[in-house]
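Given next are the chains, with one letter for each unit.
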Amino acid sequence: MPGNLDGSSVSIIYDVDGPDELDIANNAVITKALFSSAANATPGECEVHFRDMDRTLLLRTGRRVQLLVDGQPIWAGFSLINGKGSFLPAGDGKVDTQARRWILRGVDNNRLLD
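Residues numbered from 1 in each chain as written. Predicted model: local features only at pLDDT ≥ 70, side-chain atom pairs only at ≥ 80, totals over all residues. Heavy atoms only, no water.

> Looking at this structure, I do not really get the nonpolar core. What am I missing?
As a rule of thumb, nonpolar side chains are buried together in soluble globular proteins. Ranked by size, the top nonpolar core spans 16 residues in total, and within it Ile-12, Ile-24, Phe-50, Leu-59, Val-65 and Leu-104 carry the most contacts. Not counting the four nearest positions on each side in its chain, Leu-59 is found in contact with Tyr-14, Phe-50, Asn-82, Trp-102 and Leu-104. (Core = buried A, V, L, I, M, F, W, Y, C linked by side-chain atoms within 4.5 Å. Buried < 20%, exposed > 50% of the residue type's maximum accessible area, 1.4 Å probe, protein only. Contact = heavy atoms within 4.5 Å.)

> What is the right way to read the side chain of Ser-11 from this model?
Position of Ser-11 relative to the elements: it lies in strand β2 (residues 8-14). Polar side-chain contacts of Ser-11 include one of 3.2 Å to the side chain of Asp-23. (Helix = DSSP H or I, 4+ residues; strand = E, 2+ residues; numbered from the N terminus. Polar contact = N/O pair within 3.5 Å; in protein donor to acceptor, adjacent residues only side chain to side chain.)

> Got a minute to help me understand the pattern of salt bridges in this structure?
Here the idea is simple: oppositely charged side chains can pair when their charged atoms come close. Inspection of every chain in the model, using the stated rule, returns five salt bridges. Across the salt bridge formed by Arg-63 and Asp-15, the nearest N and O atoms sit 3.0 Å from each other. Of this pair, Arg-63 sits in the loop between β5 (45-52) and β6 (64-69) while Asp-15 sits in the loop between β2 and β3 (22-23), and the two are 48 residues apart along the sequence. On the accessibility criterion, Asp-15 (5% relative accessible area) is buried. Across the pair Lys-32 and Glu-47 runs a salt bridge whose closest N-O atoms are separated by 3.6 Å. Of this pair, Lys-32 sits in strand β4 (residues 29-35) while Glu-47 sits in strand β5; the two residues are 15 residues apart in sequence, bridging distant segments of the chain. Under the relative-accessibility criterion, Lys-32 is labelled partly exposed at 41%. The structure contains a network of salt bridges with shared partners spanning Asp-15, Asp-20, Arg-60 and Arg-63. (Salt bridge = Lys/Arg side-chain N within 4 Å of Asp/Glu carboxyl O.)

> Help me understand the packing of aromatic side chains in this model?
Remark: the centre distance and the inter-plane angle together describe each pair of aromatic rings, the angle taken between the planes. Counting across every chain of the model gives one aromatic pair. The ring of Phe-78 carries Arg-64 above its face, with NZ or CZ at 4.8 Å from the centroid. (Phe/Tyr/Trp six-rings, centres within 6.5 Å; stacked < 30°, edge-to-face > 60°. Lys NZ or Arg CZ within 6 Å of the ring centre and 35° of its normal.)

> Honestly, unusual backbone geometry in this entry has me stumped. Any pointers?
A negative phi holds for most residues other than glycine; trans holds for most peptide bonds. Phi angles above zero are rare outside glycine, and Asp-15 is one such case at about 60°. Of note, Asp-17 is a non-glycine position whose phi angle comes to about 60°, a positive value. By the secondary structure assignment, Asp-17 is in the loop between β2 and β3.

> How should the environment of Arg-63 be read in this particular structure?
With 43 residues separating them along the chain, Arg-63 and Asp-20 place their C-alpha atoms 9.2 Å apart. If we ignore the near neighbours within four places in the chain, the residues touching Arg-63 are Tyr-14, Asp-15, Pro-19, Asp-20, Gly-77, Phe-78 and Ser-79. Side-chain polar atoms of Arg-63 contact the side chain of Asp-15, separated by 3.0 Å.

> Which parts of the structure should I look at to understand the side chain of Glu-47?
Take Glu-47: its relative accessible area is 19%, and that puts it in the buried class. Side chain to side chain, Glu-47 and His-49 meet in a polar contact 2.6 Å long. Of the polar contacts made by the side chain of Glu-47, one reaches the side chain of Arg-105; its length is 3.4 Å. In this structure Glu-47 touches Lys-32, Ala-33, Leu-34, Ile-103, Leu-104 and Arg-105, once residues within four positions along its chain are discounted.

Following this line, the structure appears as structure tokens:
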């Protein structure tokens, strides 16, 4: 089930309508999510930190990203910078220490108008 915020259904879709379409809220543990919009052709931004429990996700730059709340689009844009790391500085190789930390950063569709 997608993420839930005060009874609302929340989805963060990566690679919208693409071959790698993925609902991050449904397939990972989100630790931080920020979506902002701006006016006057100034691009808004997004930053999503999440935990890839299975270490199977692969994010690519330039893919479409969309935030949906109760099925309604709230924010849309493109991924620009994707980073990955580890939540723990060192692990013992056991399954619970292998989770990967992703940081997805992007800009909204106003970037296309600049």
